[in-house]
Amino acid sequence: MDVGQLQAQRHFHVHQKVTMMVNRYEVFADDGQGQPGPLVAFVEQKRMTFREQVTLYTDETKRSVLAAFKARKVIDLASAYDVTTPEGASIGFFGKKFGSSLLRSTWQLDQPGADPVTISERSMALALFRRIWDVIPWVGDLPFPWMYHFDFVRGTTHVGTVEKKTRFRDHYRVTIDDPALDRRLVLAQAVALDALQSR
């Protein structure tokens, strides 16, 4: 699927599969019936890297790059991540808002020529409970078994969501309501919401 076709899509599905050495993500366009359709991106994130760099390939062969994102700094909780084309041109950037994230995970997404988008967990109560879950001995090592969702808001306008679809598996549905919001930028952010959430 080329960039023009990708930009015409409003719904995507992100599926994570945990392997021994990497977190693997498959991103599908919606089939029009609310289910995963054609694969549009394939991602493998190495664990325990000092400076996060993640490539979104167009498929499992990893021969063609859709986009990539890279941390500006080494192991920085408030680091920004630059999202680029295969040629290295900027698509935009995103970063976690560390202070706001102490209670509820909050990110900011920036696309050139547009006002920033704030991304935050929908439920404050669930966000607080998840933090308690993470610090309980033994329990904190188990997957968090409840749904959590992120809303994308520009000013007062809702422009998208990332919603967890399954309780135990990391399957997400991405909805983009702004036709001008670059799909590559949003998909990079959607992967980061899972891959970098605990950082």
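Per chain, the residues get numbers from 1 upward, laid out in the order the sequence is written. Local features in a predicted model are, by the rule used here, given only for residues with pLDDT of at least 70; side-chain atom pairs are given and counted only at 80 or more, and totals for whole chains, interfaces and linings are based on all residues. As a rule here, side-chain values cover all heavy atoms of the structure and leave hydrogens and water aside.

I'd like a rundown of the overall build of the protein, residues and numbers included.
When helices and strands are tallied, the protein shows four helices and twelve strands. Burial classes follow relative accessibility: with a 1.4 Å probe on protein chains only, a residue under 20% of its type's maximum area counts as buried, one over 50% as exposed, and anything between as partly exposed. Sorting the 199 residues of the protein into buried and exposed places 44% on the buried side. For the protein, long-range pairs separated by at least 24 residues make up 38% of all intrachain contacts whose partners lie at least 6 apart in sequence. Summing over all exposed atoms, the protein offers an accessible surface of approximately 10400 Å²; the carbon and sulfur share of this is 56%. Put simply, DSSP H or I for four residues or longer makes a helix, DSSP E for two residues or longer makes a strand, and each gets a number counted from the N terminus. The criterion used for residue contact is that any of the two residues' heavy atoms lie within 4.5 Å. Methods summary: accessible areas were calculated by the Shrake-Rupley approach with a probe of 1.4 Å, and residue burial reflects only the protein chains presented.

How would you explain the pattern of salt bridges if you had to name every residue and give the values?
What makes a salt bridge here is a side-chain nitrogen of Lys or Arg within 4 Å of a carboxyl oxygen of Asp or Glu, nothing more. Taken as a whole and assessed by the stated rule, the structure comprises eight salt bridges. With a shortest N-O distance of 2.9 Å, Asp82 and Arg72 are connected by a salt bridge. Of this pair, Asp82 sits in strand β6 (residues 80-84) while Arg72 sits in the loop between β5 (65-71) and β6, and the two are ten residues apart along the sequence. On the basis of relative accessible area, Asp82 is assigned to the partly exposed category, the value being 27%.

How would you summarise the sheet that holds β5 if you had to cite specific residues and measurements?
A pair of strands is treated as paired once DSSP finds two or more bridges between them. Reading around the circumference, β1-β2-β3-β4-β5-β6-β7-β8-β9-β10-β11-β12 is the order of the twelve strands in this closed barrel, with antiparallel pairing throughout. For this sheet, the mean inter-axis angle between neighbouring strands, taken without regard to orientation, is 20°. Pairing geometry for strand β4 (residues 53-57) and β5, over five bridges, is antiparallel. Along β5, the bridge assignment pairs Val54 with Phe69. Think of each axis as a best-fit line through the C-alpha atoms, taken over the contacting stretch in the case of a helix, with angles from 0 to 180 degrees between the N-to-C directions. Each of β1 (11-18), β2 (22-30), β3 (36-46), β4, β5, β6, β7 (90-96), β8 (106-110), β9 (117-121), β10 (149-154), β11 (157-164) and β12 (171-176) is contacted by helix α4 (residues 183-195), which is oriented at about 160° to β8, the strand it contacts most.

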